[in-house]
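Single-letter residue listing:
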Amino acid sequence: MSSPAMAARLLRRFSSAASSPSCPQPWLFIGLGNPGEKYKLTRHNVGFDMIDAFARSQGIPMTTVHCKALFGEGMVEGVPVLLAKPQTYMNLSGESTGPLAAYYKLPLNRVLVMYDDTDLPCGVLRLQPKGGHARHNGLKNVIYHFRGNREFSRLRIGIGRPPGQMDPKAFLLQPFNKTARERIDSAVEESVDILRTVILQGLTEAARLYNTEQKYKHLRLEKAPCDF
């Protein structure tokens, strides 16, 4: 549960970590999605899926509500990590992410946002140090609440494009079929390794290690699209 006392405790802990020369600055990982059972496992919620997988792998409970987000905090080999799933609905994600980064006084180069991308084939991941919103309304709102600053990293997960004349909004809010779900689940597990590498070796090294591998995966999956 959220409380002023809990928030103050978290702030003291991570402010102390950030100012200590012996402790690395915290990372804030944010997964975008929509709250509620209705949207669980839909294409637009893969950002939530990646946060959940990482939290499970590191034993970080996501049981706190903080800055309009389901929130967890822990350590990964001595590095403080904050995890968040905004509960504002996708298109208002910035109402949570902006206050979170401000509350912990984090520079945006210690913030990483995870979200779905229709421009990548289903199951392909791409790690970037910065960029635009590419028509993604959730990301657009995040940038707005970062006062237009785009200097935060992103981990995109491809969900493919809607088939034929299908309404893109309807496509985003539908669950994956069996083939696509298998690809997404595999990519979500890969994302755990990517995030650990970001924490332990830095964003530049993680991008160097994984983006080339994902490029070949991209070429392979383009030739074998999912049946929607």
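The structure presented is a predicted model; accordingly, all values stated were derived computationally and were not measured.

A. Fine view of the overall build of the protein chain. Broken down by element type, the protein chain carries seven helices and seven strands. The order of α-helices and β-strands along the protein chain, N terminus first, is α-β-α-β-β-β-α-β-β-α-β-α-α-α. Relative to its full complement of 228 residues, the protein chain shows a buried share of 52%. When contacts within the protein chain are restricted to residue pairs at least 6 apart in sequence, those whose partners lie at least 24 apart make up 73%. With the model as given, the accessible surface of the protein chain reaches about 10900 Å², and the carbon-plus-sulfur share is 54%.

B. A look at the nonpolar core. F29, F54, L83, L112, L127 and L155 are the most contacted members of the largest nonpolar core, which has 38 residues in total. For this core, the element with the highest residue contribution is helix α6 (residues 178-201), accounting for nine residues. Counting 21 residues, the second-largest nonpolar core is a separate cluster that includes L28, V111, V113 and F146.

C. Seen up close, unusual backbone geometry. Although it is not a glycine, C67 sits at a positive phi angle of roughly 50 degrees. The exposure class of C67 is partly exposed, given its relative accessible area of 21%.

D. Representation of the layout of surface pockets in the model. Considered as a void within the structure, the largest pocket measures approximately 650 Å³ in volume. Lining of the largest pocket is provided by 30 residues; of these, H44, R135, H136, N137 and L172 occupy positions nearest its centre. At the level of elements, β5 (111-117), α4 (137-145), β7 (153-158) and α5 (168-172) are the ones that each hand at least two residues to the lining of the largest pocket. The dominant element in the lining of the largest pocket, judged by the number of residues it contributes, is α5, at four residues. Looking at side-chain class alone, the lining of the largest pocket contains ten nonpolar, eleven polar and nine charged residues.

E. Here's a closer look at the packing of helix α3 (residues 94-103) against α4. At their nearest, the axes of α3 and α4 sit 8 Å apart, and the two run at 40 degrees to each other. Like other packed secondary-structure pairs, α3 and α4 cross with a definite hand, here right-handed. Across the interface between the two elements, G94, E95, T97 and G98 of α3 pack against N141, V142 and H145 of α4.

Reading the values: rules and limits
Residues numbered from 1 in each chain as written. Predicted model: local features only at pLDDT ≥ 70, side-chain atom pairs only at ≥ 80, totals over all residues. Heavy atoms only, no water. Helix = DSSP H or I, 4+ residues; strand = E, 2+ residues; numbered from the N terminus. Buried < 20%, exposed > 50% of the residue type's maximum accessible area, 1.4 Å probe, protein only. Contact = heavy atoms within 4.5 Å. Areas by Shrake-Rupley, 256 points an atom, 1.4 Å probe, with all protein chains shown as cover. Core = buried A, V, L, I, M, F, W, Y, C linked by side-chain atoms within 4.5 Å. 1 Å grid on protein atoms, 1.4 Å probe; cavity = no way out; pocket = protein on both sides within 12 Å on 5 of 7 lines; lining within 4 Å. Points joined across faces, edges and corners; volume = space filled by probe spheres on them. Nonpolar A, V, L, I, M, F, W, Y, C, P; charged D, E, K, R; others polar. Axes fitted to C-alpha atoms, helices over the stretch in contact; angles between N-to-C directions. Left-handed = near helix turned anticlockwise from the far one by under 90°.

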